[in-house]
Amino acid sequence: MALEPVSDSPSPGYNGRVPFAIRDFEPADFDALWRIDQTCFPAGISYSQKELRLYMRRRASFTLVAVGGESKVAIAGFIVAEAGARARGHIITIDVIVTARRFGVGSLLLRAAEDRLISTGCRTVELETAVDNVSALSFYKRHNYSVIRTYPGYYSNGVDALVLEKKLV
């Protein structure tokens, strides 16, 4: 996927506009993405290198990377998703570095992944988030995701997960 600049302005309340672009993952990105995941999520929720690599290499998965900001090339965040069976997509993780939050990077990544899932024939998408991750729940609600069930003890640290779903088409 070629770099695609942000073309819509951030929602009111976001910081000033800083351009970001989305591109496909490159193998040289892996260490940076894993470090970002470690800073975005606590132990028990963040992925080991082996887990992240496994999810990124699954047959129907793809990884998109947001680059830009003031350096124009620094990785600001990434998303791993997969097109599953029965026209259902799955967001495996979405991670945005602290200094790039509230600039629309997460929304840009999510929209790009949803578009890719639609292009593969997915009609719905699901994801999991920790029940205590209030900022993620607020983010997904703004993007029209709804809670459909709870997985008790889903994460290795014992925290429950909420499963959220969105109709894509």
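Remember, predicted model here, so these are calculated numbers, not experimental data. (Residues numbered from 1 in each chain as written. Predicted model: local features only at pLDDT ≥ 70, side-chain atom pairs only at ≥ 80, totals over all residues. Heavy atoms only, no water.)

*Asks:* Residues and numbers for the environment of Gly84, please.
*Replies:* As for its placement among the helices and strands, Gly84 is situated in the loop between strand E4 (75–83) and strand E5 (88–96). In this structure Gly84 comes out as partly exposed when scored by relative accessible area, which is 36%. Counting along the chain gives 33 residues from Gly84 to Leu117, while the straight-line C-alpha distance between them is 9.2 Å. Setting aside residues no more than four positions away along its own chain, Gly84 makes contact with Gly89 and Cys122. (Helix = DSSP H or I, 4+ residues; strand = E, 2+ residues; numbered from the N terminus. Buried < 20%, exposed > 50% of the residue type's maximum accessible area, 1.4 Å probe, protein only. Contact = heavy atoms within 4.5 Å.)

*Asks:* Tell me about helix H4 (residues 134–142), and please be specific about residues and values.
*Replies:* For H4, the full list of buried residues reads Ala136, Phe139 and Tyr140. The buried side chains of H4 occupy one side of the element, clustering within an arc of 95° when seen end-on. Seen from the buried face of H4, the exposed residues on the opposite side, beyond 90 degrees, are Val134 and Lys141. Of the surrounding secondary structure, the elements contacted by the buried residues of H4 are E5, helix H3 (105–119), strand E6 (124–130) and strand E8 (161–167). Of the residues flanking the end of H4, it is Asn144, one or two places downstream, whose phi is positive at about 70°. (Arc of directions from axis to C-beta.)

*Asks:* Go over the layout of surface pockets, please, and point to the residues and values.
*Replies:* By volume, the largest pocket amounts to about 1,100 Å³. Broken down by element, the lining of the largest pocket gets its largest block of residues, 7 residues, from E5. Looking at the lining of the largest pocket, its residues break down into 21 nonpolar, 12 polar and 8 charged. (1 Å grid on protein atoms, 1.4 Å probe; cavity = no way out; pocket = protein on both sides within 12 Å on 5 of 7 lines; lining within 4 Å. Points joined across faces, edges and corners; volume = space filled by probe spheres on them. Nonpolar A, V, L, I, M, F, W, Y, C, P; charged D, E, K, R; others polar.)

*Asks:* Which residues make up the nonpolar core, and what are the values?
*Replies:* Ranked by size, the top nonpolar core spans 30 residues in total, and within it Ile91, Val105, Leu109 and Tyr140 carry the most contacts. Here this core takes 7 residues from H3, the largest share from any one element. When neighbours within four sequence positions are excluded, Val105 is seen to be in contact with Phe20, Ala66, Ala76, Val96 and Ala100. With 14 residues, the next largest nonpolar core counts Ala21, Ile36, Cys40 and Val80 among its residues. (Core = buried A, V, L, I, M, F, W, Y, C linked by side-chain atoms within 4.5 Å.)

*Asks:* Describe in detail the side chain of His143, supporting the description with residues and values.
*Replies:* As for its position among the elements, His143 is in the loop between H4 and strand E7 (146–151). On the basis of relative accessible area, His143 is assigned to the buried category, the value being 13%. A polar side-chain atom of His143 sits 2.9 Å from a polar atom in the side chain of Ser107. The residues touching His143, leaving out its near neighbours within four places in the chain, are Ser107, Leu110 and Lys166. (Polar contact = N/O pair within 3.5 Å; in protein donor to acceptor, adjacent residues only side chain to side chain.)

*Asks:* Report on the pattern of salt bridges, specifying residues and quantitative values.
*Replies:* Within this structure, the stated rule accounts for 9 salt bridges. Across the pair Glu126 and Arg88 runs a salt bridge whose closest N-O atoms are separated by 2.3 Å. With Glu126 in strand E6 and Arg88 in strand E5, this residue pair connects regions lying 38 residues apart in the sequence. Given the relative accessible area of 27%, Arg88 is considered partly exposed. Glu126 serves as the salt-bridge partner of Arg149, at 3.4 Å between the closest nitrogen and oxygen. Taken together, the positions of Arg149 in strand E7 and Glu126 in strand E6 put the pair 23 residues apart, joining distant regions of the chain. When salt bridges with common partners are traced through the structure, they connect Arg88, Glu126, Arg149, Glu165 and Lys167 into a single cluster. (Salt bridge = Lys/Arg side-chain N within 4 Å of Asp/Glu carboxyl O.)

*Asks:* Kindly report on the packing of aromatic side chains, identifying the contributing residues and their values.
*Replies:* The full count for this structure, using the stated rule, is 5 aromatic pairs. By the ring-pair criterion, three or more aromatic residues cluster together here, those being Phe139, Tyr140 and Tyr145. Above the face of the Phe62 ring, Arg116 is positioned so that its terminal group lies 4.9 Å from the ring centre. (Phe/Tyr/Trp six-rings, centres within 6.5 Å; stacked < 30°, edge-to-face > 60°. Lys NZ or Arg CZ within 6 Å of the ring centre and 35° of its normal.)

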